[in-house]
Amino acid sequence: MAHHGFVIEGYRPHSAHWGPFHAAYAGDGLDVRPDPRDPAPSPLLRNIPAALDERLRVLAPYARRGWLDGGPGADGRRGHDEYVRLSWPEAIELAAAELDRCRRTFGNTALYGGSYGWGSAGRFHHPQSQIHRFLNVLGGCVRSVGNYSFGASAPLLRHVVGGLEPLDNPTSWPVLAEHTEHFVCVGGMPAKNAQVNAGGAARHTVPGHLRAARARGARFTLISPLRDDLAAELDAEWLPVVPGTDTALLLALSQTIVDRGLHDENFLRTHCTGFDRLRDYLFGADDGVVKDAAWAAALTGIDAATIVRLAGQMAARRTMVTLSWSLQRSRHGEQPVWAGIALACVLGQIGLPGGGFGHGYGSSAGVGEGSLPYPLPTLPQGRNPVEEYIPVARVADMLLEPGQEYDFDGQRRRYPGIRLVYWAGGNPFHHHQDLTRLRRAFARPDTVIAHEQFWTAMARHADLVLPATTTLERDDLGCARQDSALIAMHRVAPPLGEARSDFAIFRALAAELGVEQEFTGGRGEREWIEHLYEDWRARLPGELDPGLDFAAFWQAGRIELPGKPARHVLYEDFRADPRRHRLSTPSGLIELYSAEIASYGYADCPGHPAWLAPEELAEPLGDGEFPLLLVANNPATRLHSQLDHGATSAEAKVHGREPLRLHPDDAAARGLAGGDLVRVTSATGSALAGLVLSDAVRPGVAQLSTGAWFDPSAPEVATCVHGNPNVLTRDVGTSRLAQGCTGQLTRVQVEAFTGTPPPVRAHEPPRGVDA
Ligand SMILES: Nc1nc2c(c(=O)[nH]1)N[C@H]1C(S)=C(S)[C@@H](COP(=O)(O)OP(=O)(O)OC[C@H]3O[C@@H](n4cnc5c(=O)[nH]c(N)nc54)[C@H](O)[C@@H]3O)O[C@H]1N2
Ligand SMILES: Nc1nc2c(c(=O)[nH]1)N[C@H]1C(S)=C(S)[C@@H](COP(=O)(O)OP(=O)(O)OC[C@H]3O[C@@H](n4cnc5c(=O)[nH]c(N)nc54)[C@H](O)[C@@H]3O)O[C@H]1N2
Ligand SMILES: [Mo]
């Protein structure tokens with residue numbers, strides 16, 4: 001396997017969402033080495049050996065005791081019950097019979113296959129593709145639309161700029177590194193998040209591009225409650241904003257620029273619609289409130305002089321307004337994105353190299369990497385004949401309130417009545433908000449089926465748990481849309497216990513239900529992988545053909561993917577000629593006022609960007625029963641809840657609990673010291689966490705990242721004794737427009753925990769499973 005000298009002797013090429021690596025398995029342990037071509041390999045690679053930790057793996061099919069004995073039906077014991085081991089034939093027969101009963105008795109609209117979640121890297125074994133292909137063969141299911149990542153932005157962007165280009169293909173990094181004079185980073189560009197990209201990241205380039213921009217003299221302003229949301233080496237000016245108030249800050253920047261006559265009147269006239277309406281709002285023509293720097297200072301905690309100075313700097317230089325995805329993962333999350341776009345329009349630099357705005361730089365390794373101009377090898381999912389769907393973050397509402405009406409992006413819709421929930425490759429007890437409510441919701445269906453690798457909270461709330469292999473135990477193709485290489489993901493280890501790939505599980509179910517041929521298309525796993533590769537290759541433009549057949553590619557371990565444009569400027573064509581390159585908005589222009597949105601009559605999302613105070617800020621920070629604002633951001637030490645027991649994740653825990661960061665002054669005011677065990681409470685629940693003091697946290701703010709496995713084993717002490725922040729968050733949509741998730745911000749109190757700490761049991765198997 002000698003190839004370019006990059007293949008390490010005895011090690012096999014493989015890939016994760018956080019990058020390529022080489023691995024060798026010795027039977028008792030896995031050795032993982034970063035790919036030598038990756039300039040900034042992710043520390044998350046150290047979590048990977050934990051994938052083969054048998055103690056946490058689901059090693060055989062299991063049924064929940066109450067379901068096995070009592071049959072299908074609503075059951076509040078989900079999440080508390082013991083499990084009974086099944087043979088594979090028993091498990092397949094039970095699952096197939098129940099799928100068949102539900103679809104025949106209630107119709108396919110009674111099956112929920114939304115199954116949101118990241119799964120693992122790998123084009124063929126992509127769990128969402130597998131589950132959708134399977135359920136589609138069975139006649140379809142209720143699906144989910146949107147995501148937890150930018151659930152508020154996607155519908156908003158369609159109205160405001162007519163598509164998702166600012167997310168999918170913003171101005172590319174090399175252009176920013178060369179041209180941007182001032183990065184105004186709202187929500188930061190944290191190095192922790194740029195480790196990860198859905199599907200993989202063959203080369204981590206973001207840190208290098210940022211360093212290059214800084215070396216050229218670019219200036220950075222960080223607008224965030226956490227100083228480490230931008231690398232220290234960039235010497236950013238830190239404006240520690242009150243979380244949830246960015247809209248006010250962005251509006252005030254626009255107001256100040258317009259007030260001083262520094263705005264680009266021409267761009268606003270030729271490329272935007274509705275500036276007059278926005279200006280009226282900025283200057284208080286509608287409500288008598290001028291949205292100036294003094295007004296914003298009182299809300300944001302950033303003083304007026306600083307806002308005025310920043311406005312002047314932005315107008316004087318080539319400025320990139322970067323809006324992180326986190327900004328929109330809270331109440332009225334549509335507004336900071338719209339206000340940020342409006343600010344970029346006022347500056348008039350959209351379409352110029354290094355100017356304008358971008359959405360998600362640093363939120364993911366792929367944003368700004370450019371997109372491959374051809375499709376990737378992809379498993380066809382078939383067609384879902386069921387038209388019913390829900391906005392993804394409304395899953396608990398759907399299960400709790402069948403038949404209930406709700407609003408979504410101009411439509412009045414009704415929740416379907418779900419009997420069977422099927423999940424593969426995601427963990428709602430990681431990603432959803434208010435987990436106590438989610439447990440009530442999961443008590444409702446007749447049956448819950450999950451494919452899981454580990455005894456996660458999702459597995460523990462399922463009636464049938466079918467053991468899935470990890471990528472290490474199967475072959476696959478690894479790459480992402482924004483990637484620069486296709487990785488031959490070689491199987492590294494044999495399947496653990498009786499685990500099977502999702503494909504093999506669905507194949508067995510399909511055979512039992514008489515639709516095997518339809519599901520497999522007559523191919524086995526290896527044949528599919530080979531077919532996906534060869535089919536992909538055959539469709540490539542001739543000049544991009546890698547020239548390797550499957551066998552040669554598999555041997556080489558990797559091919560570089562050519563064809564990505566080296567340089568891209570968002571809306572360059574539109575800037576040059578807005579009539580020829582109309583946006584897909586009703587006006588063809590950027591909509592600073594959307595008549596369409598206004599026509600919906602939503603008080604929580606009016607026709608132009610507006611400051612709508614989130615309920616979280618009904619009281620000033622420091623006041624009331626829950627005086628702190630909790631930032632529940634994505635974790636630095638793992639991807640979501642994946643491999644929470646891995647080395648990088650485990651090392652950061654304090655007394656085995658998730659670290660909660662607090663400013664030293666807030667800790668002192670509570671008599672707390674670093675290393676203390678604390679109890680965090682909110683209006684919805686409570687969690688134990690380990691205290692870390694840091695002056696990188698804005699006073700009045702606490703930070704507890706997502707991803708500690710939900711541990712409800714000592715409810716008398718806390719809703720979760722391990723530190724999962726989603727027991728604290730609220731389960732409400734961003735607005736009636738997008739219904740996005742609002743997990744990022746919650747009001748909390750933090751106190752010393754003085755009792756006897758209960759053990760963390762999240763990483764032990766449930767009752768009935770031999771450890
Ligand atoms: N409070 C709060 N909550 C949040 C967020 C926040 O900012 N704040 N962020 C949200 C965001 S942006 C996201 S994207 C979501 C992420 O939410 P998820 O994507 O649901 O989280 P993961 O932990 O990645 O869950 C993936 C699950 O799939 C399993 N898995 C992996 N590979 C396979 C496979 O091949 N087959 C099968 N069957 N299973 C597999 C893993 O074991 C894991 O349990 O969380 C959201 N939740
Ligand atoms: N290591 C790692 N990387 C990841 C992930 C992971 O789980 N682990 N998840 C991936 C996924 S699925 C996604 S969608 C992206 C998420 O990308 P983001 O949504 O951008 O990431 P977060 O870490 O949730 O938030 C980024 C920062 O925003 C700041 N912030 C929060 N609220 C506010 C606010 O109201 N105003 C301002 N100005 N700042 C605020 C917080 O300080 C936080 O650290 O990350 C991806 N990258
Ligand atoms: Mo996400």
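Residues numbered from 1 in each chain as written. Chains lettered and ligands numbered in written order. Predicted model: local features only at pLDDT ≥ 70, side-chain atom pairs only at ≥ 80, totals over all residues. Heavy atoms only, no water.

Visitor: Mind laying out the packing of helix α11 (residues 293–300) against helix α12 (residues 304–316), listing which residues take part and the relevant values?
Guide: Axis separation between α11 and α12 bottoms out at 8 Å; the angle between their running directions is 120°. In terms of their interaxial angle, α11 and α12 are classed as oblique. When the axes of α11 and α12 are compared, the crossing they make is right-handed. Counting all contacts with α11, which are made through Ala 293, Ala 294, Ala 296, Ala 297 and Thr 300, the residues of α12 involved are Ala 304, Ile 307 and Val 308. In the contact of α11 with α12, the residues fall into seven nonpolar, one polar and no charged. (Axes fitted to C-alpha atoms, helices over the stretch in contact; angles between N-to-C directions. Helix = DSSP H or I, 4+ residues; strand = E, 2+ residues; numbered from the N terminus. Parallel < 35°, antiparallel > 145°, perpendicular 65-115°, else oblique. Left-handed = near helix turned anticlockwise from the far one by under 90°. Contact = heavy atoms within 4.5 Å. Nonpolar A, V, L, I, M, F, W, Y, C, P; charged D, E, K, R; others polar.)

Visitor: So what about the site of ligand 1? Which residues, and what values?
Guide: In the vicinity of ligand 1 there are 33 residues, among which Ser 120, His 431, Glu 452, Asp 502 and Ser 641 approach most closely. Between ligand 1 and Glu 452, the relevant distance is 2.4 Å, taken from an oxygen atom to a side-chain nitrogen or oxygen of the residue. Between ligand 1 and Gln 642 there is a distance of 2.7 Å, counted from an oxygen atom to a side-chain nitrogen or oxygen. Starting from 920 Å² of accessible surface for ligand 1 in isolation, the protein chains cover 99%. The set of elements that each furnish at least two residues to the shell around ligand 1 consists of α15 (428–431) and β18 (447–452). Taken together, the residues of the shell around ligand 1 break down into seven nonpolar, 22 polar and four charged. Residues lining the shell around ligand 1 come from more than one domain, with at least three contributed by each of domain 1 (62–148 + 381–560) and domain 3 (615–752). (Near = heavy atom within 4 Å. Polar contact = N/O pair within 3.5 Å; in protein donor to acceptor, adjacent residues only side chain to side chain. Areas by Shrake-Rupley, 256 points an atom, 1.4 Å probe, with all protein chains shown as cover. Domains from an automatic or database assignment.)

Visitor: Outline the UniProt feature "domain: Molybdopterin oxidoreductase N-terminal" (unreviewed entry) in the chain, listing residues and values.
Guide: UniProt's feature table lists "domain: Molybdopterin oxidoreductase N-terminal" (unreviewed entry) at residues 14–52, given in the numbering used throughout. Across residues 14–52, helical content stands at 0% and strand content at 38%; the span's end C-alpha atoms are separated by 15 Å. (UniProt positions renumbered as here; feature names shortened; annotations may be inferred.)

Visitor: Go over empty space enclosed by the protein, please, and point to the residues and values.
Guide: Applying the stated criterion across every chain, the model contains five cavities of 30 Å³ or more. The space that makes up the second largest cavity amounts to roughly 90 Å³. What lines the second largest cavity is a set of 14 residues, among which Gly 244, Thr 247, Arg 331, His 332 and Pro 336 lie closest to the centre. Elements that contribute at least two residues to the lining of the second largest cavity include exactly α8 (246–259) and α13 (334–347). Of the residues in the lining of the second largest cavity, the class split is six nonpolar, six polar and two charged. (1 Å grid on protein atoms, 1.4 Å probe; cavity = no way out; pocket = protein on both sides within 12 Å on 5 of 7 lines; lining within 4 Å. Points joined across faces, edges and corners; volume = space filled by probe spheres on them.)

Visitor: Which residues make up the nonpolar core, and what values do they have?
Guide: Phe 220 and Ile 590 are the most contacted members of the largest nonpolar core, which totals 83 residues. Looking at this core, the element that brings in the most residues is α13, giving ten residues. Tyr 83, Val 392, Leu 704 and Phe 710 belong to the second-largest nonpolar core, a separate cluster that totals 58 residues. (Core = buried A, V, L, I, M, F, W, Y, C linked by side-chain atoms within 4.5 Å. Buried < 20%, exposed > 50% of the residue type's maximum accessible area, 1.4 Å probe, protein only.)

Visitor: Account for the side chain of Ser 484, with residues named and values stated.
Guide: Looking at the element boundaries, Ser 484 is found in the loop between β20 (476–478) and β21 (485–489). The buried category is assigned to Ser 484, whose relative accessible area is 18%. Among the polar contacts listed, one links the side chain of Ser 484 to the side chain of Arg 203, at a separation of 2.9 Å. Excluding residues within four positions of it along the chain, Ser 484 makes contact with Ala 202, Arg 203, Ile 559, Glu 560, Leu 561 and Lys 564.

Visitor: Give me the lowdown on the side chain of Glu 591, citing residues and values where you can.
Guide: Note that Glu 591 resides in strand β23 (residues 590–591). For Glu 591, the contacting residues outside a window of four places in its chain are His 159, Val 160, Thr 273, Trp 338, Thr 585 and Pro 586.

Visitor: Give a detailed account of the sheet that holds strand β29 (residues 745–752), specifying residues and quantitative values.
Guide: Read around the barrel, six strands follow the order β24-β28-β25-β27-β26-β29 and close on themselves; strand pairing throughout is mixed. Going from strand to strand, the sheet's axes swing by 45° on average, the running direction of each strand aside. Across five bridges, the pairing between strand β26 (residues 677–681) and strand β27 (residues 686–693) is antiparallel. Directly across from Val 680, in β27, lies its bridge partner Ala 687. (Pairing = 2+ DSSP bridges.)

Visitor: I'd love a proper account of the domain arrangement of the chain, names of residues and values included.
Guide: Segmenting the chain into domains produces domain 1 (62–148 + 381–560), domain 2 (170–369) and domain 3 (615–752). On the domain 3 side, the residues contacting the 29 residues of domain 1 number 29 residues. The largest share of the area that domain 1 buries against domain 3 comes from Arg 394, His 430 and Gln 433, three residues that together contribute 28% of it. The interface formed by domain 1 and domain 3 includes three salt bridges. A salt bridge links Asp 731 to Arg 437, with the nearest nitrogen and oxygen atoms 2.5 Å apart. At the level of secondary structure, the elements contributing two or more residues to the side of domain 1 that touches domain 3 comprise α14 (395–400), β15 (405–408), α15 and α16 (435–442). For the side of domain 1 that touches domain 3, the element with the highest residue contribution is α16, accounting for four residues. Here the side of domain 1 that touches domain 3 is composed, by residue class, of twelve nonpolar, ten polar and seven charged. (Buried area = accessible area lost by both parts, 1.4 Å probe. Salt bridge = Lys/Arg side-chain N within 4 Å of Asp/Glu carboxyl O.)

Visitor: Provide a residue-level description of unusual backbone geometry, including the pertinent values.
Guide: At Ser 115, a residue that is not glycine, the phi angle is positive and equals roughly 45°. Within the fold, Ser 115 resides in the loop between β6 (111–112) and α3 (127–137). The backbone phi angle of Leu 643 is positive, close to 55°, even though this residue is not glycine.

Visitor: Residues and numbers for the confidence of the model for the chain, please.
Guide: With 99% of its residues at a pLDDT of 70 or more, the chain shows a mean pLDDT of 97. Per-residue pLDDT stays below 50 along residues 1–5; that stretch engages in eight contacts with residues further than four places along the chain or on separate chains. (pLDDT = per-residue confidence, 0-100.)

Visitor: Give a description of the site of ligand 2 that names residues and reports values.
Guide: Not every one of the 33 residues close to ligand 2 is listed here, only the nearest: Lys 192, Asn 193, Asp 229, Asp 246 and Ser 326. Between Gly 244 and ligand 2, the recorded distance is 2.7 Å, taken from a backbone N or O atom to an oxygen atom. A distance of 2.7 Å separates an oxygen atom of ligand 2 from a polar side-chain atom of Ser 326. A total of 910 Å² of accessible area belongs to ligand 2 in isolation, and the protein chains cover 99% of it. Residues that form the shell around ligand 2 fall into these classes: 15 nonpolar, 13 polar and five charged. Both of domain 2 (170–369) and domain 3 (615–752) provide at least three residues apiece to the shell around ligand 2.

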